[in-house]
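# A look at the structure
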Amino acid sequence: MNNYETVFILTPVLSESQVEEAVNKYVDLLKEKNCEIVAKENWGLKKLAYPIQLKKNGFYTLIEFKGEGTVVADLELAFKRDERVIRYLTTKLDKHAVEYAVTRRTKVKAAKA
C-alpha cells in the first residue's frame, strides 16, 4: 500500500451541501477500492492564482489516503468525468512527505484549539 494525497478544486457555484456531497462521493470511491482514508481537510473557498473556466475562486479539498497504485487512475477518471471538479492533483508520498503531513496536521489542529 502506498501513501497518496490528492487536492482537488470544485467550482465555486456549488452550495456547502453540494460541496460536501461531492467530497463524500470521492471518499466513498476510495473506500470501495479498499483504501484507508488517513485525513480529509476542507480548505474552503479560496482565490485561484489564475482564472480556470472563467472562475476566479474554488472550493479546495485535500484527501490523504493509503491504497494500491491502480486506484489513482480510477480516482482521476472520476475527477475528469465530474463537471464540478475544475482541477485536481494526486501525488505519491514518500516517507519524508508522510512525516511532514503528520506534523502539518498536528500544527493545524493546535492552531485551531
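Residues numbered from 1 in each chain as written. Predicted model: local features only at pLDDT ≥ 70, side-chain atom pairs only at ≥ 80, totals over all residues. Heavy atoms only, no water.

Under the annotation held in an unreviewed UniProt entry, the chain carries the name Small ribosomal subunit protein bS6 and is attributed to Chryseobacterium camelliae. Checking UniProt for the chain, the heading Sequence similarities (unreviewed entry) contains the comment "Belongs to the bacterial ribosomal protein bS6 family." (UniProt positions renumbered as here; feature names shortened; annotations may be inferred.)

## Considering the overall build of the chain
A count of helical and extended segments in the chain gives three helices and four strands. Its helices and strands in sequence order give the chain the pattern β-α-β-β-α-β-α, from N to C terminus. Over its C-alpha atoms the chain spans a radius of gyration of 14 Å, differing by no more than 12% from the 13 Å that the globule rule assigns to 113 residues. Along the longest, intermediate and shortest principal axes, the C-alpha atoms of the chain span 40 × 35 × 25 Å. Evaluated residue by residue, the chain yields a buried proportion of 37% over its 113 residues. (Helix = DSSP H or I, 4+ residues; strand = E, 2+ residues; numbered from the N terminus. Rg over C-alpha atoms; globule rule 2.2 N^0.38 Å. Buried < 20%, exposed > 50% of the residue type's maximum accessible area, 1.4 Å probe, protein only.)

## Here we look at the nonpolar core
Among the nonpolar cores identified, the biggest contains 21 residues, and Phe8, Leu10, Tyr26, Leu30, Phe65 and Leu75 are the most heavily contacted of them. Mapped by element, the contributors of at least two residues to this core are strand S1 (2-10), helix H1 (16-32), strand S3 (55-67) and helix H2 (70-81). Sorting elements by how many residues they give to this core places H1 first, with seven residues. Excluding its chain neighbours within four sequence positions, the residues that come into contact with Leu30 are Cys35, Ile37, Ile63, Phe65, Val71 and Leu75. (Core = buried A, V, L, I, M, F, W, Y, C linked by side-chain atoms within 4.5 Å. Contact = heavy atoms within 4.5 Å.)

## Let's talk about the environment of Arg84
Mapped onto the fold, Arg84 is located in the loop between H2 and strand S4 (85-93). Between the C-alpha atom of Arg84 and that of Ile9, which follows or precedes it by 75 residues, the distance is 8.4 Å. Not counting the four nearest positions on each side in its chain, Arg84 is found in contact with Ile9, Leu10, Thr11, Leu14, Gln18, Glu21, Ala22 and Lys25.

## Some thoughts on the side chain of Arg105
Residue position: Arg105 is located in helix H3 (residues 95-112). Residue classification places Arg105 among the buried positions, given a relative accessible area of 16%. Leaving out residues up to four positions away in the same chain, Arg105 has contacts with Val38, Ala39, Glu41 and Glu64.

## Here we look at H2
Its twelve residues give H2 an end-to-end C-alpha distance of 18 Å, which sits within 8% of 16 Å, the value for a rise of 1.5 Å per residue. Within the sequence span of H2, burial applies to Val71, Val72, Leu75, Ala78 and Phe79. Along the long axis of H2, the arc covered by the buried residues comes to 125°, so they all point the same way. Residues of H2 that are exposed and angled more than 90 degrees away from the buried face: Thr70, Ala73, Lys80 and Arg81. Elements in contact with the buried residues of H2: S1, H1, S3 and S4. (Expected span 1.5 Å × (residues − 1). Arc of directions from axis to C-beta.)

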